[in-house]
Number of protein chains: 2
Amino acid sequence: MTGRNDTRPHIPLGPGGEFDIVRRMLQRWGNLARSIGDDAAIVQLPPNGQLVVSTDTSVEDVHFRREWLTHAEIGYRATAAALSDLAAMAAEPAGIFLALTLPETDVPLVDELADGIGECVASAGTLVLGGDVTRGEKLSLTLTVLGTAIVPLLRSGAKSGDRIYVTGRLGGPLRALRELREGRSPGPALRRRFAHPVPRLREARWLAERGARAAIDISDGLIADARHLAVASGVALHLRAESVPALAGISSDDALASGEEYELLVTSPGPLDAAAFRQEFGLELTEIGEARGDEADVVSTAAGRRVAPPAGYDHFTAQ
Amino acid sequence: MTGRNDTRPHIPLGPGGEFDIVRRMLQRWGNLARSIGDDAAIVQLPPNGQLVVSTDTSVEDVHFRREWLTHAEIGYRATAAALSDLAAMAAEPAGIFLALTLPETDVPLVDELADGIGECVASAGTLVLGGDVTRGEKLSLTLTVLGTAIVPLLRSGAKSGDRIYVTGRLGGPLRALRELREGRSPGPALRRRFAHPVPRLREARWLAERGARAAIDISDGLIADARHLAVASGVALHLRAESVPALAGISSDDALASGEEYELLVTSPGPLDAAAFRQEFGLELTEIGEARGDEADVVSTAAGRRVAPPAGYDHFTAQ
């Protein structure tokens, strides 16, 4: 809870189906939502830091399938994906806005959806500041997240000589997705990595304070996101495939390709203290390579020999 | 053009279908878009004023039908609807974020869509600061708009004794919609009111500087939005139906019910100078009633006698 935002009560809402849905969500959110009901929200920001804003959409049958997730998980996951973009900038969240497109048949499940969103908002220490509800044929959530950062981490911040690090252990979401697509049920640990990703908000600020100077969150897969960072920074990222931390039983290729991880890929001119990081967050921090030269590229090596990296994930070219 | 935002060039984008679409939009927008391509945007705000944020979704077959509008109009209209919420707060726009859900068949029309968005962004003197592109079965645009206001106008600001004013002449969108639904083509003036609404951004700031203390934009119809304002403020709004300014040939009931007007309903303790307003903006400003008492209600009178107001518009109860 930031305590920084407007503390006026919600504005009384008029009659109508859309407002009934908003009322139900506000009931579930309690103190997690602030001053809802005007044409726009008034947002109080802390005096220091720059305003950082991102928007992210999760659409049924593109980003999730309703038969694979509960509505609480759908709400949680869409919110986590959006907040993960703030983590990638090392920003502290200041509030979220929810634009919800709701099929008529999902109206009974609004409370559950709100609970999932609320869980993620609470664990990130932030607030729901506004939104919009409309009906539509497919369930869709667009989360716009606001935050502040003293020194935002950019994709374009990597320089030749930087060490490359990744948080967590990769491959869980890809494996879970594969099992779901084959009609099997992933075990509880895999399912949790897929359904309940954690935006690495505090981790990112810790890393930025200790010298990390470029970051991206792994939503398209480590290789694909490394490519985005390489292109933005104009450096080649040399990754040692055998160093990439994978969950038990996951191949190196799967760890490199797995999307929707919401772990962080960061670069730093000096070494980052992985032991202190693990102590602080109970999470791995692993050095996996080095930035070199000035040509945008990703080079993946195994046992010192160059290997073809697996393809990443693009909603417009693959599904 | 605010000139206030980040002036770094766009970050080079990686390969992939989603980025190809972003590249095409950036090509159309030119200097109207700033520093696109990181996980989140860094937004510079002017030193004074409060941050005001709103999010608004336009979904195919709910808010528009593709056979009624060009893609440029769809883009323009979705952006105008979102910016109108900033107008209702008397905020000056600082930038917009576009979350676009695009059916595959609309990919060739992205340039036209971007042109319509760009036209609205340019005429509002603001910038595209970020967004998200995903595919989906229905075309959907969620616009999140940021602005700043020295003294934001709230729905809850009306007090007993306030005069009630409305901008413009009402009824055009309802009439245009009726003709389109009946398979007829509205004339150019009606079509323009429907396809090309103007967010009353400068008008709102002018009114706020001259004493207006509550406002709402007319998206659900004057009666429905008056109800929202009455409920939020805890006053009864007494409206003189015969004073409500209608386009030529439009009945009073249609003017009261017409939604998607994006005109402003404001209240003010003192008189507002309609002649000076008309001189400044070439737009009507009409006093249409008075706020009284402390019971949230809307009372519509014709020739001094109470009449039943027409119903408003709610996406969840009517279409």
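Residues numbered from 1 in each chain as written. Chains lettered and ligands numbered in written order. Predicted model: local features only at pLDDT ≥ 70, side-chain atom pairs only at ≥ 80, totals over all residues. Heavy atoms only, no water.

## Some thoughts on the overall build of chain A
How we decide: In this text, helices come from DSSP runs of H or I with a minimum length of four residues, and strands from runs of E with a minimum of two, each type numbered from the N-terminal end. Here the globule rule reads 2.2 Å times residues to the power 0.38, and the radius of gyration is calculated from C-alpha atoms. Using a 1.4 Å probe on the protein chains alone, a residue whose accessible area is under 20% of its type maximum counts as buried, one over 50% counts as exposed, and one in between counts as partly exposed. Contact criterion: two residues are considered in contact whenever any of their non-hydrogen atoms come within 4.5 Å of each other. Surface accessibility in these figures is a Shrake-Rupley result with a 1.4 Å probe; residues are shielded only by whichever protein chains are displayed. Lys and Arg are tallied as positive, Asp and Glu as negative. Neither His nor the chain termini are counted. In this description, the location of a charge corresponds to atom NZ of lysine, CZ of arginine, CG of aspartate or CD of glutamate.
In terms of regular secondary structure, chain A is built from nine helices and 12 strands. For 319 residues, the compact-globule formula gives about 20 Å, and the C-alpha radius of gyration of chain A, at 20 Å, lands near that figure. Per-residue burial over chain A gives 63% buried out of 319 residues. Contacts in chain A between residues far apart in sequence, at least 24 positions, make up 87% of those at least 6 positions apart. Total accessible area on chain A stands at roughly 11600 Å², and carbon and sulfur atoms take up 49% of it. The positive charge centre, built from 33 side chains, and the negative charge centre, built from 43, are 4 Å apart in chain A.

## Notes on the nonpolar core
A general feature of soluble globular proteins is that nonpolar side chains tend to end up buried together. What counts, and what does not: What makes a nonpolar core is a set of buried Ala, Val, Leu, Ile, Met, Phe, Trp, Tyr and Cys residues whose side-chain atoms join them at distances within 4.5 Å. Note that domain bounds follow an automatic or database assignment of domains.
Met25(A), Trp29(A) and Leu141(A) are the most contacted members of the largest nonpolar core, which has 69 residues in total. Of all the elements, helix H2 (residues 71-88) of chain A adds the most residues to this core, at nine residues. Per-domain counts for this core show at least three residues from each of domain 1 (17-149) and domain 2 (155-307) of chain A. Of all hydrophobic cores here, the second largest spans 67 residues; its members include Tyr76(B), Leu83(B), Leu264(B) and Leu272(B).

## Notes on the interface of chain B and chain A
Note the cut-off: The term buried area means the drop in 1.4 Å probe accessible area that two parts suffer when joined, counted for both and summed. Salt bridges are defined as contacts in which a side-chain nitrogen from Lys or Arg sits within 4 Å of a carboxyl oxygen from Asp or Glu. Residue polarity is assigned by list, with Asp, Glu, Lys and Arg as charged and Ala, Val, Leu, Ile, Met, Phe, Trp, Tyr, Cys and Pro as nonpolar; anything else, Gly included, falls into the polar class. Strands are treated as partners if at least two bridges between them are detected by DSSP.
Facing 68 residues of chain B, the contacting portion of chain A comprises 68 residues. Where chain B abuts chain A, roughly 5400 Å² becomes buried across the two surfaces, and 59% of that area is made up of carbon and sulfur atoms. The interface formed by chain B and chain A holds six salt bridges in total. Between Glu137(B) and Lys138(A) there is a salt bridge, and its shortest N-O distance comes to 3.5 Å. Element by element, the count of residues in the side of chain B that touches chain A is highest for strand E2 (residues 50-59) of chain B, at nine residues. The class makeup of the residues in the side of chain B that touches chain A is 32 nonpolar, 21 polar and 15 charged. Pairing of strand E1 (residues 41-43) of chain A with E2(B) involves three bridges; the strand directions are antiparallel. Bridge pairing in E2(B) links Val43(A) to Leu51(B).

## Some words on the relation of the copies chain B and chain A
Selection rule: The atoms used to superpose the copies are C-alpha atoms, taken from residues with pLDDT of at least 70 in both, and the fit is least squares.
The operation relating chain B to chain A is a screw motion whose rotation component is 180°, with 0.0 Å of axial translation and a residual RMSD of 0.0 Å. The operation mapping one copy onto its partner corresponds to a two-fold rotation axis. A high fraction, 100%, of the interface residues of chain B reappear at the interface in chain A, so the copies pair face to face through one surface.

## Here we look at H2(A)
Spelled out, the test is: The length a helix should cover is 1.5 Å for every residue beyond the first.
Here H2(A) spans 26 Å end to end across 18 residues, near enough to the 26 Å set by a 1.5 Å rise per residue. At the exit of H2(A) stands Ala90(A), carrying a positive phi of roughly 60°.

## Remarks on the side chain of Ser84(A)
Residue and element names in this part refer to chain A. The topology assignment puts serine 84 in helix H2. Exposure remark for serine 84: the relative accessible area of 0% places this residue in the buried category. If we skip the residues at most four places from it in the chain, serine 84 touches Pro199, Asp217 and Tyr262.

## Quick notes on unusual backbone geometry
Phi at Ala90(A) takes a positive value of approximately 60°, unusual for a residue other than glycine. Tracing the sequence through the fold places Ala90(A) in the loop between H2 and strand E3 (92-102). Here Ala90(A) falls in the buried class, since its relative accessible area comes to 8%. Residue Asp61(B) is not a glycine yet carries a positive backbone phi of 70°. Checked against the element boundaries, Asp61(B) lands in the loop between E2 and helix H2 (71-88).

## A word on the pattern of salt bridges
Residue and element names in this part refer to chain A. Going through the model one piece at a time under the given rule, you end up with 46 salt bridges over all chains. A salt bridge links glutamate 290 to arginine 292, with the nearest nitrogen and oxygen atoms 3.2 Å apart. Here arginine 292 falls in the partly exposed class, since its relative accessible area comes to 43%. Connected via shared salt-bridge partners are Arg193, Arg200, Glu203, Glu261 and Glu263.

## Examining the packing of aromatic side chains
To keep it simple, the criterion reads: Pairing of aromatic side chains here covers Phe, Tyr and the six-membered ring of Trp, requires ring centres within 6.5 Å, and sorts the geometry by plane angle: under 30 degrees stacked, over 60 edge-to-face, intermediate tilted. Whether a charge lies above a ring is judged from NZ of Lys or CZ of Arg, which has to be within 6 Å of the ring centre and within 35 degrees of the ring normal.
Taken as a whole, this structure holds six aromatic pairs over all chains when the rule is applied. Measuring from ring centre to ring centre gives 6.2 Å for Trp206(A) and Phe281(A), while their planes differ by 80°; the resulting arrangement is edge-to-face. Here Phe281(A) lies in helix H9 (residues 274-281) and Trp206(A) lies in helix H6 (residues 201-209), a separation of 75 residues in the sequence. Here Phe281(A) falls in the partly exposed class, since its relative accessible area comes to 23%. Put simply, the rings of Trp206(A), Phe277(A) and Phe281(A) touch in pairs and so form one group of aromatic residues. In this structure, Arg77(B) is placed above the aromatic ring of Phe194(B), and the distance from its NZ or CZ to the ring centre is 4.5 Å.

## Examining the domain arrangement of chain A
Residues and elements named next belong to chain A. According to the domain assignment, chain A contains domain 1 (17-149) and domain 2 (155-307). Put simply, the middle of domain 1 and the middle of domain 2, counted by C-alpha atoms, are 26 Å apart. Across the domain 1 to domain 2 interface the summed buried area is about 1900 Å²; carbon plus sulfur atoms make up 58%. The largest share of the area that domain 1 buries against domain 2 comes from Trp68, Tyr76 and Arg77, three residues that together contribute 33% of it. If you look at where domain 1 meets domain 2, you find two salt bridges. The partner of glutamate 73 in a salt bridge is arginine 191, with the nearest N and O atoms 2.4 Å apart.

## Regarding the sheet that holds strand E2 (residues 50-59) of chain A
As a reminder, the rule being used: Every axis corresponds to a line fitted to the C-alpha atoms, with the helix fit spanning only the stretch in contact, and the corresponding angles, defined between N-to-C directions, vary from 0 to 180 degrees.
If you trace the five strands from one edge of the open sheet to the other, you get E4(A)-E3(A)-E5(A)-E2(A)-E1(B), paired in mixed fashion. This sheet does not close on itself; its edge strands, each paired only once, are strand E4 (128-135) of chain A together with strand E1 (41-43) of chain B. Averaged over all adjacent pairs, the angle separating strand axes in this sheet is 20°, with direction ignored. Contacting E3 and E4 of chain A, helix H1 (residues 17-29) of chain A runs over the sheet at an angle of about 145° to E4(A). H2(A) contacts E2, E3 and strand E5 (140-149) of chain A of the sheet and is inclined by roughly 35° relative to E5(A).

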